[in-house]
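# Overview (structure and organization)
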Amino acid sequence: MKGTGIAVGVVFVVWIVPFTLSAQQLVWKDRDVVRSLRIPVDSGQSLVRLRISQQIEYTLTLSGAIFLNWDHDANANQVILIQDMIYQCKGETERNFSFTQKVVHHLGIQYFFDSISRFHVDDNQFDTRLEWRILKNHGCFFSSLLSTRLLNSLFLTPLTALFSGGIQLKWPFFGSLNVGITSAKLTWIRNKGIYESLDAIIYYGVPREKPYLFEYGISLRLLIDHDVAKWLNWNCDLLIFKNTTLPPDISFRNNLGFRLTKFLKARIQTRIFYEERISRKMQLENIVSVGFVVAL
């Protein structure tokens, strides 16, 4: 009778405990897995709640550059040693929600044959995107894009931040088009000494007496990342921002990457830049490079 009472008690406790609660979170190969205690066998439902993938690529290249209508520098033959680092983390859930965090670092040393050496190609971007797919290839998004320099004209001088939210059209394995119905752009100058060194009253559209410039408008961003062939990758980033008064700001980057061997890569990079507050000219930059690459 004593053993029977214990068995009945165990059955009673098992019956009243809410076994619909989940167990502790399990992580396997960058995946968060949650199992139900009630159904220990396969229920036919995916146990994966969040998939996370990460990638990092480092490239060291020796480049020759050609500039056309480039206001910052005089046209001159030159050689540039550039290091590039790209880190990307992407997460996806079962409910059509995804996030992407991308960090891009470009830093180069520019050498003029008849002049000096200096830091050139000092570009650092922090790109965050939240996406929610509503239909097969349509959805909505929110993104923030922060850009700054590290060594050229000092850190956070300037810092530009673009925040956008709106409608997204996506082509699987090719790219996406983001239409920012509401967008805001912030330009901040941390080091005010840049005005004195350049003898300027306005720098990147920010007057000397103000710490920052805030603009409100609409934006459009086209992102393409497509492997045309096993040895050829096409990466394109077109960003257009239009505020309520000035002509649109345009930033266009086009990269063709040629994988020659496992650790050797060639690249043709074209950049078109236009912002009326900085210059009324459409500036064009072309860089052809061959370098050592490591991808993890």
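A brief structural summary. (Residues numbered from 1 in each chain as written. Predicted model: local features only at pLDDT ≥ 70, side-chain atom pairs only at ≥ 80, totals over all residues. Heavy atoms only, no water.)

### Side note on the pairing of strand β16 (residues 279-295)
To keep it simple, the criterion reads: Paired strands are those between which DSSP finds at least two bridges. Segments assigned H or I by DSSP are reported as helices when at least four residues long, segments assigned E as strands when at least two residues long, and all are numbered from the N terminus.
Direction of pairing for strand β15 (residues 264-275) relative to β16: antiparallel, over a ladder of 11 bridges. When the bridges of β16 are listed, Q269 appears paired with I287. Where β15 hands over to β16, the hairpin turn is made up of 3 residues, counted between the paired strands.

### With respect to the packing of aromatic side chains
Selection criterion: Centre distance within 6.5 Å is the pairing criterion for rings of Phe, Tyr and Trp, where only the six-membered ring of Trp is used; planes under 30 degrees apart are then read as stacked, over 60 as edge-to-face, and the remainder as tilted. Exposure categories follow from relative accessible area, calculated using a 1.4 Å probe and restricted to protein chains: below 20% of the type maximum is buried, above 50% is exposed, and the middle band is partly exposed.
Enumeration over the complete set of coordinates arrives at 5 aromatic pairs. With a centroid separation of 6.4 Å and an interplanar angle of 75°, the aromatic rings of Y195 and Y203 are classed as edge-to-face. The two residues Y195 and Y203 agree in class, both being buried. On the numbers, 4.9 Å between centres and 70° between planes, the contact of Y203 with Y204 is edge-to-face. An aromatic cluster is defined as three or more aromatic residues linked by ring pairs; in this entry it consists of Y195, Y203 and Y204.

### A word on the environment of Q55
As a reminder of what qualifies: Contacts: residue pairs with any heavy atoms within 4.5 Å of one another.
Of note, Q55 is situated in strand β3 (residues 48-68). With 31 residues separating them along the chain, Q55 and I86 place their C-alpha atoms 8.0 Å apart. With residues up to four places along the chain from it excluded, the contact list for Q55 reads I86, Y87, Q88 and L296.

### Looking at empty space enclosed by the protein
Where empty space is left becomes clear once a probe the size of a water molecule has been rolled over the atoms. The condition that has to hold: Buried and open spaces are told apart on a 1 Å grid over the protein atoms alone, a cavity being a set of points where a 1.4 Å probe fits but cannot get out and a pocket being an open set with protein on both sides within 12 Å along at least five of seven lines. Residues with an atom within 4 Å of a point are the lining residues. Grid points are joined across faces, edges and corners, and a volume is the space filled by probe spheres set on the points. Under the convention adopted here, Pro, Cys and the residues Ala, Val, Leu, Ile, Met, Phe, Trp and Tyr are nonpolar, Asp, Glu, Lys and Arg are charged, and Gly plus all remaining residues are polar.
This structure, assessed with the given rule, holds 1 cavity of 30 Å³ or more. If you add up the space inside the largest cavity, you get close to 80 Å³. F141, S143, S144, L145, L162, S164, N178, G180, S219, R221 and L239 together form the lining of the largest cavity. Secondary-structure elements contributing two or more residues to the lining of the largest cavity are β7 (138-148), β8 (159-171), β9 (175-188) and β12 (212-229). Ranked by residue count, the leading element in the lining of the largest cavity is β7, at 4 residues. Per-class residue counts for the lining of the largest cavity are 4 nonpolar, 6 polar and 1 charged.

### Topic: the pairing of β15
Inspection of the sheet shows strand β14 (residues 249-259) paired to β15 by 10 bridges, in the antiparallel sense. In the sheet register, S251 faces β15, and the bridge partner there is F273. Hairpin connection of β14 to β15: 4 residues between the antiparallel strands.

### Observations concerning unusual backbone geometry
Cis geometry is found at the peptide bond from T157 to P158, where omega equals 5°. Along the chain, the position of P158 falls in the loop between β7 and β8.

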